[in-house]
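One-letter residues, chain by chain:
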Amino acid sequence: MIGDQTDFQNRLRAVLPASWFPDVTPVLDTLLGGLGAAWTSIYIMLQYVTSQTRITSASDVWLNLIAWDFFGNKLRRRPSESDYMLRSRVMLEMFRERATRSAVESVLRDLTGRCPMIFEPARTSDTGGYMSLEGLGGGIAYNGAGGWGSLNLPFQCFVTAYRPNDSGIGQVTGWGDFAGGYGEGAIEYASSSMVQAQVMDADIYSAIMGVLPAATMAWTNITG
């Protein structure tokens, strides 16, 4: 194997004049074996260092540093997250679409697994038109489903983001669940701050801010 102790030992022996030593050289073999062991350790360390300089091969804390270098506190390793998952998120963020409506939709879908609702008051596709007919002006009419549009709110939108479905509180069941009852079993009064989730509300806010165009505002509501 290239780079192992035997390989280094043989390469050192090959550059020595054969006429200097007899066929059997136990002392020389031991000396060259020690040098080969030292160079093997250096070679293994060099391979490790080289691999940590590339996103595709970095691991452990070095991959954390790469994520921090590019995205700061916005992209951190989640509890028990593997190198593969963190690397995938880093690569996704590096090439993510930004400064568009679809960018907000995609970043929240990737983060939470759920598609958000986005309403832009100045976008007729969201508001429709006064007395519009089905299929025209967005298909939303007066007194129909939709929202009031306004040109007085330029560069603003309303975002309803949804938390991941897998959020929960460890060792605590839900109200009315068979595993617990009021005052009995694994049940207690709780708040959203106690939820043990991979994705926190702060992560959702940060994700939205990371893809919004400059000088725009997203009024955000996070719900379950």
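Everything quoted here is computed from the prediction, not taken from an experiment.

Participant: Hey, could you go over the overall build of the chain for me, with residue numbers and the actual values?
Facilitator: Tallying secondary structure elements over the chain gives seven helices and five strands in all. Going from the N terminus to the C terminus, the chain shows its helices and strands as α-α-α-α-α-β-α-β-β-β-α-β. Residues classed as buried in the chain amount to 26% of the 224 residues present. Accessible area for the chain stands at about 15300 Å²; split by element, carbon and sulfur atoms hold 61% of it.

Participant: I'd like to hear about the nonpolar core, residue by residue, with values.
Facilitator: With 17 residues, the main nonpolar core has Val 104, Leu 108, Val 159, Ile 204, Ile 208 and Ala 218 as its most contacted residues. Sorting the residues of this core by element identifies α5 (101–112), β2 (156–162), α7 (201–211) and β5 (217–223) as the ones contributing at least two each. Ala 67, Phe 71, Leu 75 and Val 90 belong to the second-largest nonpolar core, a separate cluster that totals nine residues.

Participant: Tell me about unusual backbone geometry, and name the residues and values.
Facilitator: Backbone geometry at Ser 80 places phi at a positive 65°, although glycine is not the residue there. Within the secondary structure, Ser 80 sits in the loop between α3 (60–71) and α4 (83–94). Residue Ser 80 is classed as exposed on the basis of its relative accessible area of 82%.

Participant: Describe the pattern of salt bridges, with residues and values.
Facilitator: For the structure shown, the criterion picks out 12 salt bridges. Residue Glu 93 is joined to Arg 96 by a salt bridge in which the shortest nitrogen-to-oxygen separation is 2.9 Å. Arg 96 carries the same exposure label as Glu 93, and that label is buried. Salt bridges sharing partners connect three or more residues here, namely Arg 101, Glu 105, Glu 120, Arg 123 and Asp 126.

Participant: If you had to explain the sheet that holds strand β1 (residues 117–119) to someone new, which residues and values would you point to?
Facilitator: Across the sheet, which stays open at both edges, the three strands sit in the order β1-β2-β5 with mixed pairing between neighbours. In the strand order of this sheet, the two ends are held by β1 and β5, each with one partner. Adjacent strand axes in the sheet meet at a mean angle of 15°, parallel and antiparallel pairs treated alike. In terms of strand pairing, β1 meets β2 through three bridges, oriented antiparallel. Note that in β2 the partner of Met 117 across the bridge is Thr 160. Packing of α5 onto the sheet brings it into contact with β1 and β2, and relative to β2 it is tilted by some 15°. Across the face of the sheet, α7 comes into contact with β2 and β5 while running at roughly 155° to β5.

Participant: Talk me through the packing of α3 against α4; I want residue IDs and the actual numbers.
Facilitator: Between α3 and α4, the least distance of the axes is 11 Å, while the angle of their chain directions is 20°. Classed by the angle they form, the pair α3 and α4 counts as roughly parallel. Between α3 and α4 the crossing geometry is left-handed. Between α3, through Asp 60, Leu 63, Asn 64, Ala 67, Phe 70 and Phe 71, and α4, the contact on the second element is made entirely by Asp 83, Leu 86, Arg 87, Val 90, Glu 93 and Met 94.

Participant: Kindly report on the environment of Met 94, identifying the contributing residues and their values.
Facilitator: Looking at the element boundaries, Met 94 is found in helix α4. Put simply, Met 94 and Phe 70 are 24 residues apart on the chain and 8.2 Å apart in space, counted from C-alpha to C-alpha. Apart from residues lying up to four places away in sequence, Met 94 is in contact with Ile 55, Phe 70 and Phe 71.

Calculation rules
- Note that residues are indexed from 1 along each chain, following the sequence as it is written.
- Side-chain atom pairs in this predicted model are given and counted only at pLDDT of 80 or more, local residue features only at pLDDT of at least 70, and totals for whole chains, interfaces and linings cover all residues.
- Side-chain metrics rest on all non-hydrogen atoms present in the structure, leaving aside hydrogens and water.
- Helix and strand definitions follow DSSP, with helices as H or I runs of at least four residues and strands as E runs of at least two, each counted in order from the N terminus.
- Only protein chains enter the accessibility calculation, which uses a 1.4 Å probe; a residue whose area is less than 20% of its type maximum is buried, one above 50% is exposed, and one in between is partly exposed.
- All accessible areas in this document rest on Shrake-Rupley with a 1.4 Å probe, and a residue is counted as covered only by the protein chains that are shown.
- Residue types Ala, Val, Leu, Ile, Met, Phe, Trp, Tyr and Cys, when buried and joined through side-chain atoms within 4.5 Å, form a set referred to as a nonpolar core.
- Salt bridges are counted wherever a side-chain nitrogen of Lys or Arg sits within 4 Å of a carboxyl oxygen of Asp or Glu.
- We call two strands paired when DSSP finds no fewer than two bridges between them.
- Working convention: axes come from line fits to C-alpha atoms, limited for helices to the stretch in contact. Angles between N-to-C directions cover 0 to 180 degrees.
- Residues count as neighbours in contact if any of their non-hydrogen atoms are within 4.5 Å of one another.
- Roughly parallel covers angles under 35 degrees, roughly antiparallel covers those over 145, roughly perpendicular covers 65 to 115, and oblique covers all other angles.
- Note: crossing handedness is left-handed where the near helix turns anticlockwise from the far helix by less than a right angle, and right-handed where it turns clockwise.

Everything listed is a geometric property; what it means functionally is a separate question.
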